[in-house]
Amino acid sequence: QPSSLAARSARELQDLRATVVKCLQSTVAATQSAESVREFHQRVKGMGLTPFEILHLLNHRPTEEVHVFLMVDCCGERLTEGQVHEILQAVRDLFPAPTTHATEDGNGDD
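Bear in mind the structure is a predicted one, so any value in this text is a computation, not a measurement.

Calculation notes
- Residues numbered from 1 in each chain as written.
- Predicted model: local features only at pLDDT ≥ 70, side-chain atom pairs only at ≥ 80, totals over all residues.
- Heavy atoms only, no water.
- Helix = DSSP H or I, 4+ residues; strand = E, 2+ residues; numbered from the N terminus.
- Buried < 20%, exposed > 50% of the residue type's maximum accessible area, 1.4 Å probe, protein only.
- Contact = heavy atoms within 4.5 Å.
- Areas by Shrake-Rupley, 256 points an atom, 1.4 Å probe, with all protein chains shown as cover.
- Axes fitted to C-alpha atoms, helices over the stretch in contact; angles between N-to-C directions.
- Parallel < 35°, antiparallel > 145°, perpendicular 65-115°, else oblique.
- Left-handed = near helix turned anticlockwise from the far one by under 90°.
- Nonpolar A, V, L, I, M, F, W, Y, C, P; charged D, E, K, R; others polar.
- Arc of directions from axis to C-beta.

**Student:** Is there a simple way to think about the overall build of the chain in this case?
**Tutor:** The helix and strand inventory of the chain stands at 7 helices and 0 strands. Moving toward the C terminus, one meets the helices and strands of the chain in the order α-α-α-α-α-α-α. Burial statistics for the chain: of 110 residues in total, 24% are counted as buried. Across the chain, the fraction of contacts at a sequence separation of at least 24, relative to all contacts at a separation of at least 6, is 58%. Total accessible area computed for the chain in this model is approximately 8,000 Å², and 56% of it derives from carbon and sulfur atoms.

**Student:** Teacher, can you tell me more about the packing of helix α2 (residues 34-44) against helix α6 (residues 81-94) here?
**Tutor:** Helix packing for two helices is described by the angle between their axes and how far apart those axes are. Relative orientation of the contacting elements α2 and α6 amounts to 165°, with a least axis distance of 10 Å. As far as their axial angle goes, α6 and α2 are roughly antiparallel. Considering only the axes of α2 and α6, their crossing is right-handed. Contacts between α2 and α6 involve Ser-36, Glu-39, Phe-40, Arg-43 and Val-44 from the first element and Ile-87, Gln-89, Ala-90, Val-91, Asp-93 and Leu-94 from the second. Residue composition of the contact of α2 with α6, by class: 6 nonpolar, 2 polar and 3 charged.

**Student:** Would you mind showing me how to read α2 here?
**Tutor:** Think of an α-helix as turning once every 3.6 residues; residues three or four places apart then point the same way. When α2 is considered as a whole, its buried residues turn out to be Ser-36, Phe-40 and Val-44. Along α2, the residues classed as buried sweep out an arc of 65° about the axis, all on the same side. Relative to its buried face, α2 has exposed residues pointing more than 90 degrees away, namely Glu-35 and Arg-38. Where α2 is buried, its residues contact α3 (51-60) and α6.

**Student:** What should I look at first to understand unusual backbone geometry in this one?
**Tutor:** For residues that are not glycine, phi is negative in most cases, and the peptide bond is trans in most cases. A positive phi angle, close to 45°, is found at Arg-61, a residue other than glycine. Residue position: Arg-61 is located in the loop between α3 and α4 (65-71). Positive phi outside glycine occurs at Cys-74, with the angle close to 50°. For Cys-74, the location among the structural elements is in the loop between α4 and α5 (75-78). On the accessibility criterion, Cys-74 (38% relative accessible area) is partly exposed.

**Student:** Is there a simple way to think about α3 in this case?
**Tutor:** Where α3 is concerned, the buried positions are Glu-53, Ile-54, Leu-57 and Leu-58. What you see down the axis of α3 is that its buried residues fit within an arc of 140°, all on one side. Facing away from the buried side of α3, by more than 90 degrees, are the exposed residues Pro-51 and Phe-52. Residues of α3 that are buried sit in contact with α2, α4, α5 and α6. Where α3 terminates, the next one or two residues include Arg-61, which has phi positive at roughly 45°.

Right, dumping it as structure tokens:
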């Protein structure tokens, strides 16, 4: 029975992994490389951000200060203005600008 349980668990893990990858393909994560994510983490690791905040920044790629303030708890108390700018610069340097579905299929407002 233990080998049957292990095989079932392995299949479930494989199914879960496939589902997660499929979901991520429709997000900005699909254009992020492991290297760019590591580099982003290196740039922000001394800022006292929580893992959740770093993930939030990676998932949403803030483009303005106000976005960083919305994603980082007590941002004004925990980060300096310079650190907020460093986060924005890291996003610009490491991640391609996200595209919209309208832009991708050529149906943007002209």
